[in-house]
Amino acid sequence: MKEILVLYYSHTGAVKEMARAVARGVESVPGMSARVRTVPRVSSVIEAVESPVPASGPPYVELRDLEECAGLALGSPTRFGNMAAPLKYFLDGTGGLWLRGAMAGKPAAVFTSTATLHGGQETTLLSMLLPLLHHGMLIVGLPYTEPDLTSTTSGGSPYGATHVAGSGADRPLSQEEQRLCVSLGRRLAQTASRLAT
Ligand SMILES: Cc1cc2nc3c(=O)[nH]c(=O)nc-3n(C[C@H](O)[C@H](O)[C@H](O)COP(=O)(O)O)c2cc1C
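Let me begin by describing the structure that accompanies this report. (Residues numbered from 1 in each chain as written. Predicted model: local features only at pLDDT ≥ 70, side-chain atom pairs only at ≥ 80, totals over all residues. Heavy atoms only, no water.)

### A short note on the side chain of threonine 94
Thought 1: In this structure, threonine 94 sits in the loop between helix H3 (85-92) and helix H4 (95-100).
Thought 2: One polar contact links threonine 94 to histidine 135, side chain to side chain, over a distance of 2.9 Å.
Thought 3: In contact with threonine 94, not counting residues within four places along its chain, are Leu63, Leu66 and His135. (Helix = DSSP H or I, 4+ residues; strand = E, 2+ residues; numbered from the N terminus. Polar contact = N/O pair within 3.5 Å; in protein donor to acceptor, adjacent residues only side chain to side chain. Contact = heavy atoms within 4.5 Å.)

Have a look at this one:
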């Protein structure tokens, strides 16, 4: 069984919901399973120490998760049109893997959630792709053969799956957003499976 690492950060739950749908897509591919992981918060107060185990939800990611995975789905809420600091902080610690080319040739995909429709979904996705390209990962997006990409009135982008959560973080994933998350996970797992043969 090959595993896709579904790695996300979520503060109010929207990206967590997306990660679940991406993982469902991964697991719809025979021989593939999802390893879901998250990252701890970062604090500007350097004395603050996070518990090594989250109070609830998936475990915190370790570098070996990246090494062991056959592909990576990376999810972050937008922060001023960019990826969130906790995820960036973790990625900034992957220099050793980069030096060894440990991620080179593995497929990767990205997903994000914003409060507003034009609040920086695509810039966030692109910001997340940059370090993955430096790692030599092969980027998997969403093609326009997905009918939801054309019909959606909220999230959905060829650069990755997206969700518009609303300024009160009160909008659940739309049917289109949900299906596009599942498709992204499926495409990523199918690609990883093909690359492995
Ligand atoms: C510091 C900060 C900056 C944010 N910047 C943006 C932004 O640029 N555009 C936007 O639409 N939403 C922005 N948001 C809202 C979140 O990205 C949005 O609520 C997201 O859905 C949260 O995902 P989560 O529920 O997984 O934490 C920001 C939120 C915070 C706390």
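Text resumes after the structure shown.
### Here we look at empty space enclosed by the protein
Thought 1: In total, this model carries 1 cavity of 30 Å³ or more according to the counting rule given.
Thought 2: In terms of lining, the largest cavity is formed by Leu66, Leu72, Leu91, Thr94, Met103, Leu132, His135 and Met137.
Thought 3: Looking at the lining of the largest cavity, its residues break down into 6 nonpolar, 2 polar and no charged. (1 Å grid on protein atoms, 1.4 Å probe; cavity = no way out; pocket = protein on both sides within 12 Å on 5 of 7 lines; lining within 4 Å. Points joined across faces, edges and corners; volume = space filled by probe spheres on them. Nonpolar A, V, L, I, M, F, W, Y, C, P; charged D, E, K, R; others polar.)

### Some remarks on the environment of valine 36
Thought 1: The topology assignment puts valine 36 in strand E2 (residues 32-38).
Thought 2: Along the primary structure valine 36 and valine 61 are separated by 25 residues, whereas in three dimensions their C-alpha atoms are 8.5 Å apart.
Thought 3: Apart from the residues within four sequence positions on either side, valine 36 is in contact with Val6, Tyr8, Ala23, Pro58 and Pro59.

### A closer look at the layout of surface pockets
Thought 1: Estimates place the volume of the largest pocket at around 360 Å³.
Thought 2: Residue lining of the largest pocket: 19 residues in total, with Ser10, Thr38, Pro54, Ser56 and Tyr60 positioned closest to the centre.
Thought 3: Here the residues of the lining of the largest pocket sort into 9 nonpolar, 7 polar and 3 charged.
Thought 4: Taken as a whole, the second largest pocket holds about 280 Å³ of empty space.
Thought 5: Looking at the second largest pocket, it is lined by 21 residues, and the ones nearest its centre are Thr12, Ala14, Ser113, Ala165 and Ala169.
Thought 6: Looking at the lining of the second largest pocket, the elements with two or more residues in it are helix H1 (14-27), strand E3 (71-79) and strand E5 (107-114).
Thought 7: Taken together, the residues that form the lining of the second largest pocket break down as 8 nonpolar, 9 polar and 4 charged.

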